[in-house]
Amino acid sequence: MISTQLRQKRQLAGLTLNLVSMVSGIDCCTLSLFERGLVSMSEEKVKRISEAVEDLSAKRLLVANYAAEVGWPMSLRS
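None of the values given here were measured: they were computed from a predicted structure. (Residues numbered from 1 in each chain as written. Predicted model: local features only at pLDDT ≥ 70, side-chain atom pairs only at ≥ 80, totals over all residues. Heavy atoms only, no water.)

Colleague: Help me out: how do you make sense of the packing of helix H1 (residues 2–12) against helix H4 (residues 43–69) in this one?
Modeller: The description of two packed helices rests on the angle between their axes and on the distance between the axes. Two elements in contact, H1 and H4, have axes separated by 10 Å at closest approach and are oriented at 20 degrees. As far as their axial angle goes, H4 and H1 are roughly parallel. In this structure, H1 crosses over H4, and the sense of that crossing is left-handed. For the pair formed by H1 and H4, the contact residues are Ile-2, Leu-6, Lys-9 and Arg-10 on the first element and Val-46, Ile-49, Ser-50, Val-53 and Glu-54 on the second. Looking at the contact of H1 with H4 residue by residue, the class counts come to 5 nonpolar, 1 polar and 3 charged. (Axes fitted to C-alpha atoms, helices over the stretch in contact; angles between N-to-C directions. Helix = DSSP H or I, 4+ residues; strand = E, 2+ residues; numbered from the N terminus. Parallel < 35°, antiparallel > 145°, perpendicular 65-115°, else oblique. Left-handed = near helix turned anticlockwise from the far one by under 90°. Contact = heavy atoms within 4.5 Å. Nonpolar A, V, L, I, M, F, W, Y, C, P; charged D, E, K, R; others polar.)

Here you go:
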């Protein structure tokens with residue numbers, strides 16, 4: 001099920017539901033219900049969620065890599 005896959009992807013990337021909600025423009029409560037399989041979403045909204053997770057994951061990796069380059073302590077990067 002796509003909702004479960006998106007939830008796992010978001011959690012593995014260390015992204016909060018609130019952050020994905022803000023970037024995708026989808027209400028946090030609705031997003032939570034979707035991830036748990038309790039409501040369905042249009043293809044357009046699923047695409048927005050997926051793109052938000054991808055974009056935020058990529059940006060988080062860029063920040064982590066830059067932090068490593070400048071010697072930022074690991075405990076502050078996660």
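Colleague: Any chance you could explain the side chain of Ser-24 here in plain terms?
Modeller: Along the chain, the position of Ser-24 falls in helix H2 (residues 17–24). Among all residues touching Ser-24, those that are not within four sequence positions of it are Arg-48, Ile-49 and Ala-52.

Colleague: Looking at this structure, I do not really get H4. What am I missing?
Modeller: Helical geometry: 3.6 residues make up each α-helical turn, so side chains three or four residues apart lie on a common side. Under the 1.5 Å per step criterion, the end-to-end length of H4 is 39 Å for 27 residues, consistent within 8% with the ideal 39 Å. Three or more residues of H4 are buried, namely Val-46, Ile-49, Ala-52, Val-53, Leu-56 and Ala-67. Two residues or fewer past H4, Gly-71 is found with a positive phi of approximately 80 degrees. (Expected span 1.5 Å × (residues − 1). Buried < 20%, exposed > 50% of the residue type's maximum accessible area, 1.4 Å probe, protein only.)

Colleague: Can you help me understand the pattern of salt bridges in this one?
Modeller: As enumerated under the stated definition, the model contains 6 salt bridges in all. Notably, a salt bridge pairs Glu-35 with Arg-10, separated by 2.8 Å at the nearest N-O pair. Of the two residues, Glu-35 sits in helix H3 (residues 28–35) while Arg-10 sits in helix H1, which places them 25 residues apart along the sequence. Each of the two residues, Glu-35 as well as Arg-10, counts as buried. (Salt bridge = Lys/Arg side-chain N within 4 Å of Asp/Glu carboxyl O.)

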